[in-house]
Amino acid sequence: MRGSRITGTGGRLPDKVVTNHDLATRMDTDDEWIRSRTGIEERRIGGTTTEHAVEASRLALERAGVDAADLDLVILATTTPDRAVPGTSPGVALALGARCGAIDINAACSGWVYGLVMAHAMIGSGMERILVAGAETLSRITDWEDRTTAILVADGGGAAVVEATDGPGDLLGWDLAADGDTEKYLFAEMGGYLEMNGKEVFRHAVSLMADSSERALAQAGLSADDVDVVIPHQANIRIIEACCKRLGVPPEKAVITLHFMGNTSAATVPFTLDHAVAEGRLSDGDVILFSGFGAGMTAASAVMRWSGPTTG
Ligand code: UT7
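This one's a predicted model, so the numbers in the text were calculated from it and none came from an experiment.

Considering the sheet that holds strand E7 (residues 155-166)
- Taken together, the five strands give an open sheet; going across it, the order is E1-E7-E6-E4-E5, and neighbouring strands pair in mixed fashion. On the outer flanks of this sheet lie strand E1 (2-12) and strand E5 (101-105), each paired with one strand and no other. Neighbour-to-neighbour, the strand axes of this sheet turn through a mean angle of 20°, independent of strand direction.
- Relative to strand E6 (residues 129-137), strand E4 (residues 73-77) is paired through five bridges, and the arrangement is parallel.

Written as structure tokens, this is what we have:
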């Protein structure tokens, strides 16, 4: 049997910090409203999707001790490619020195978890080493006069190297979901800005993420009591807390980064994983639940028994 495991992680945020107070100078909002309704205190804005993907991936490769030339595939999850055509991943692969296939995937904020599951499947089919990155420049598709979306979004990247291992590997269970009926609640037309019905997204997000997590745990033969650490999509602290409550997982088991990075869509889960490693939150043998939801609406969850890095 041939399994997969994560051997290196990396994260990258742009330098420019935009606080809630900064936003309050350009739209009708305030720090107290944004903090209490979302948990976000500041976010990072700037750069390109390619830059964020490349920088996060370089760190992940270095920490995994993998030469980019030895990669078998580069998967880049993004909703904000740098151009319409071609995809952003071939340029990322070139900048890294990879000489393999490269593909963009768009499953919105669930994209990186989709990529992780796809990497596992490709490794099961014979590949050895796959880079799974998530990177975004949501600031480019945001109307900075629209307080309903501008307070939430941000830019950045995260990445992980997934490698083949003898035996079953670390991925114990997973779930991928999509409900096109709810795509009307969160979308951007070609060349347009993000449009969102926040209340509907919130309502569906909690059930999508909790149901997807439950299916992944069931596939792994585990229950919520077995979960040691949750690495959730970072959209709103209230969504994460409500999801943990529905699952029956204590909220302090969830790793939170949204207070300083906002919502970077497909980048939040890999960035938060890297942050958890750097903060020493993961121990060998921990059961980790990755779970994301996003436009589509999509959801994706993965349950891993961690044997990856435990210090940054
Ligand atoms: O990756 C997925 C991305 N999206 C999400 O996850 C978004 C999910 N939804 C949410 O996070 C929340 O729905 C929001 C944070 C977007 C909004 O929070 P809410 O508690 O659902 O607020 P609301 O839309 O019900 O608005 C409450 C009030 C309204 O005023 P009235 O009608 O009560 O007078 C809004 O007009 O707050 C007002 N409001 C604001 N006030 C200050 C809406 N946006 C703002 C704002 N600043 N930015």
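So that's the structure; there's more coming.
A word on the nonpolar core
- Counting 46 residues, the largest nonpolar core has Leu23, Ile239, Phe293 and Val303 as the members making the most contacts within it.
- Listing elements by their share of this core, those giving two or more residues are helix H7 (198-220), helix H8 (237-247), strand E12 (287-294) and strand E13 (298-305).
- Here this core gets nine residues from one element, more than from any other, and that element is H7.
- Once residues within four sequence positions are removed from consideration, Phe293 is found in contact with Cys109, Ser110, Val201, Ala205, Met209, His233, Ala235, Ile239, Thr298 and Ala299.

Overview of helix H4 (residues 89-96)
- Of the residues making up H4, those classed as buried are Ser89, Val92, Ala93 and Leu96. Seen from one end, H4 has its buried residues packed into an arc of 100°, which puts them on one side.
- A positive phi of about 90° marks Gly97, the residue just after H4.

Observations concerning the packing of helix H3 (residues 49-64) against H4
- Relative to each other, H3 and H4 sit at 45°, their axes nearing to 10 Å. Taken as axis vectors, H3 and H4 run oblique relative to one another. Of the two possible hands of crossing, H3 and H4 adopt the one that is right-handed. In contact with Thr50, Ala53, Val54, Ser57, Arg58 and Leu61 of H3, H4 contributes Val92, Ala95 and Leu96.

Let's talk about the site of the ligand
- Neighbouring the ligand are 21 residues; Thr29, Arg37, Lys199, Asn236 and Asn263 lie closest to it.
- At a separation of 2.9 Å, an oxygen atom of the ligand approaches a polar side-chain atom of Arg37.
- Going through the elements one at a time, helix H2 (31-38), H7 and H8 are the ones with two or more residues in the shell around the ligand.
- Take the shell around the ligand: its biggest share by element is four residues, from H7.

So, H3
- In a regular helix each residue adds 1.5 Å, so 16 residues correspond to 22 Å; H3 covers 22 Å between its end C-alpha atoms and thus fits that length.
- When H3 is considered as a whole, its buried residues turn out to be Thr49, His52, Ala53, Val54, Ala56, Ser57, Ala60, Leu61 and Ala64.
- The inward-facing, buried residues of H3 abut E1, E4, H4, E6 and E7.

Some thoughts on the packing of aromatic side chains
- Across all of its chains, the model carries two aromatic pairs by this definition.
- Geometrically, the ring pair formed by Trp112 and Phe290 is tilted, given 5.9 Å between the ring centres and 55° between the ring planes. In this pair, Trp112 is assigned in helix H5 (residues 111-124) and Phe290 in strand E12, connecting sequence segments 178 residues apart. The same class applies to Trp112 as to Phe290, namely buried.
- Here Phe260 and Phe271 contribute two aromatic rings whose centre-to-centre distance is 6.2 Å and whose plane-to-plane angle is 65°, an arrangement assigned as edge-to-face. Remark: Phe271 occurs in helix H10 (residues 268-278) and Phe260 occurs in helix H9 (residues 258-261); sequence separation between them is 11 residues.

Rules of the game
- Counting of residues starts from 1 at the beginning of each chain's written sequence and follows it residue by residue.
- Whole-chain, interface and lining totals are the exception, using all residues; otherwise, since this is a predicted model, local features are given only for residues with pLDDT of at least 70 and side-chain atom pairs are given and counted only at 80 or more.
- Remark: hydrogens and water are excluded; side-chain values derive from all non-hydrogen atoms of the structure.
- Two strands form a pair only when DSSP identifies at least two bridges running between them.
- Counting from the N terminus, the helices are the DSSP runs of H or I reaching at least four residues and the strands are the DSSP runs of E reaching at least two.
- Think of each axis as a best-fit line through the C-alpha atoms, taken over the contacting stretch in the case of a helix, with angles from 0 to 180 degrees between the N-to-C directions.
- Definition used in this section: a nonpolar core is a set of buried Ala, Val, Leu, Ile, Met, Phe, Trp, Tyr and Cys residues joined via side-chain atoms within 4.5 Å.
- Summary of the burial criterion: residues with accessible area below 20% of their type's maximum are buried, those above 50% are exposed, and those between are partly exposed, where the area comes from a 1.4 Å probe applied to protein chains only.
- Residue contacts are counted whenever heavy atoms from the two residues lie within 4.5 Å of one another.
- By definition, the arc is the one covered by directions from the helix axis to the C-beta atoms.
- Angle categories are assigned with fixed cut-offs, so that under 35 degrees is roughly parallel, over 145 is roughly antiparallel, 65 to 115 is roughly perpendicular, and the rest are oblique.
- Each helix crossing is assigned a hand: it is left-handed if the near helix lies turned anticlockwise from the far helix by less than a right angle, otherwise right-handed if that turn is clockwise.
- Nearness of a residue to a molecule or strand requires only that one of the residue's heavy atoms be within 4 Å of it.
- Two N or O atoms count as a polar contact when they lie within 3.5 Å, although within protein this holds only if one can serve as hydrogen donor and the other as acceptor, and sequence-adjacent residues are included solely when both atoms are side-chain atoms.
- To estimate the expected span of a helix, count its residues, drop one, and scale the result by 1.5 Å.
- The aromatic pairing rule takes the rings of Phe, Tyr and Trp, using the six-membered ring of Trp, and pairs them if the centres are within 6.5 Å, calling planes under 30 degrees apart stacked, those over 60 edge-to-face and the rest tilted.

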